Amino acid sequence: MATNPDSASFCGQCYTRFDQRDVAQPQPEPAEPDAAQPDRSPGIPDLDELPWLVTGAAAPPADTTPAPDPAAPESGRVTATAGRFHVHEGGAGWTCGVCGEPNALTAFTCSVCGARMDAEEAPARLSPDEWDRVRRTEALAPGVGHIRAGSPGAGIARLGMVLLWFLGTVLLATGGTSGIIASLPMVLGILIIWATGPGDLTALQRGRDPRLDARRFMYLVIGVTVAVIVVGGIGASL
């Protein structure tokens, strides 16, 4: 420290004037943040918690798996029912009203007890002699044997179409050659029903599907109707 006289106005060593105010002390500079402790602002997640941002890996996909619906049907169960009919794993069918066995929709009788699709009681069990009699009856009068064997639906359909086509054949035959030609499909339909009757009764006795079941019978009726129209038009133009 330098010694100065009382009359001196400035320091003789550092030339600092005595009448100047004290110079403000410099403020310390703020310390730099520590790199090991990153600043975590509110709302910004920690990088350690999101490694995919640091490494450049793909972000984890959002979970889009829908919640299981408790009302949805389980696989392998009946998905829809309407009375005796049901839809099971994409296929339609019907449940036997006698034994409860599920059957395909194309089945005419139950594969277990032999009951018809519309039956509520077990079919009548005929003796071998009775089956022989109903087959002979079917050979003489198509449909009557089915009615006596406990299949009135198939029997009435067979008998009704045979009578209808027979009357149509008689009426068309009175119209000359063109009418006779137009009646040929109906004659063929009568022969098909007549020929398949006894064999279908045997299939019914053994619990098998008949050859002329409900689906094929419908196709036969449609085919005969279309053939009558086409053949009749051809016969009229000759």
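Scroll up to find the structure this text is about.
An account of the accompanying structure is given in this report. As the structure is a computational prediction, the values presented were derived from the model and not from experiment.

### Regarding a nonpolar patch on the surface
- On the surface, a nonpolar cluster with roughly 680 Å² of combined accessible area is contributed by Met218, Tyr219, Ile222, Val226, Ile229, Val230 and Ile234.
- Tracing the chain through its elements places Ile229 in helix α6 (residues 214-237).

### What about the nonpolar core?
- By size, the foremost hydrophobic cluster in this structure holds 11 residues: Met161, Val162, Trp165, Met186, Ile190, Ile193, Leu212, Phe217, Leu220, Val224 and Val228.
- Looking at this core, the elements with two or more residues in it are α4 (152-173), α5 (177-205) and α6.
- At four residues, α6 tops the list of elements feeding residues into this core.
- Once residues lying within four places of it in the same chain are set aside, the contact partners of Val228 are Ala182, Pro185 and Met186.

### Side note on the pattern of salt bridges
- In this structure the tally under the stated criterion is four salt bridges.
- Put simply, Asp200 and Arg158 hold a salt bridge, and the shortest N to O gap is 2.3 Å. Of this pair, Asp200 sits in helix α5 while Arg158 sits in helix α4, and the two are 42 residues apart along the sequence.
- Assessed through its relative accessible area of 2%, Arg158 is described here as buried.
- Residues Arg216 and Asp213 are paired through a salt bridge, measuring 3.3 Å at the closest nitrogen-oxygen approach.
- A residue is classified by how much of its surface remains accessible, and Arg216, at 38% relative accessible area, is partly exposed.
- One continuous salt-bridge network, built from bridges that share partners, spans Arg158, Asp200 and Arg211.

Cut-offs applied
- Residues numbered from 1 in each chain as written.
- Predicted model: local features only at pLDDT ≥ 70, side-chain atom pairs only at ≥ 80, totals over all residues.
- Heavy atoms only, no water.
- Patch = residues over 30% accessible without salt bridge, like charges linked within 9 Å, V, L, I, M, F, W, Y side chains within 5 Å.
- Areas by Shrake-Rupley, 256 points an atom, 1.4 Å probe, with all protein chains shown as cover.
- Salt bridge = Lys/Arg side-chain N within 4 Å of Asp/Glu carboxyl O.
- Helix = DSSP H or I, 4+ residues; strand = E, 2+ residues; numbered from the N terminus.
- Core = buried A, V, L, I, M, F, W, Y, C linked by side-chain atoms within 4.5 Å.
- Buried < 20%, exposed > 50% of the residue type's maximum accessible area, 1.4 Å probe, protein only.
- Contact = heavy atoms within 4.5 Å.

Remember, this is a structural readout, not a statement about activity or role.
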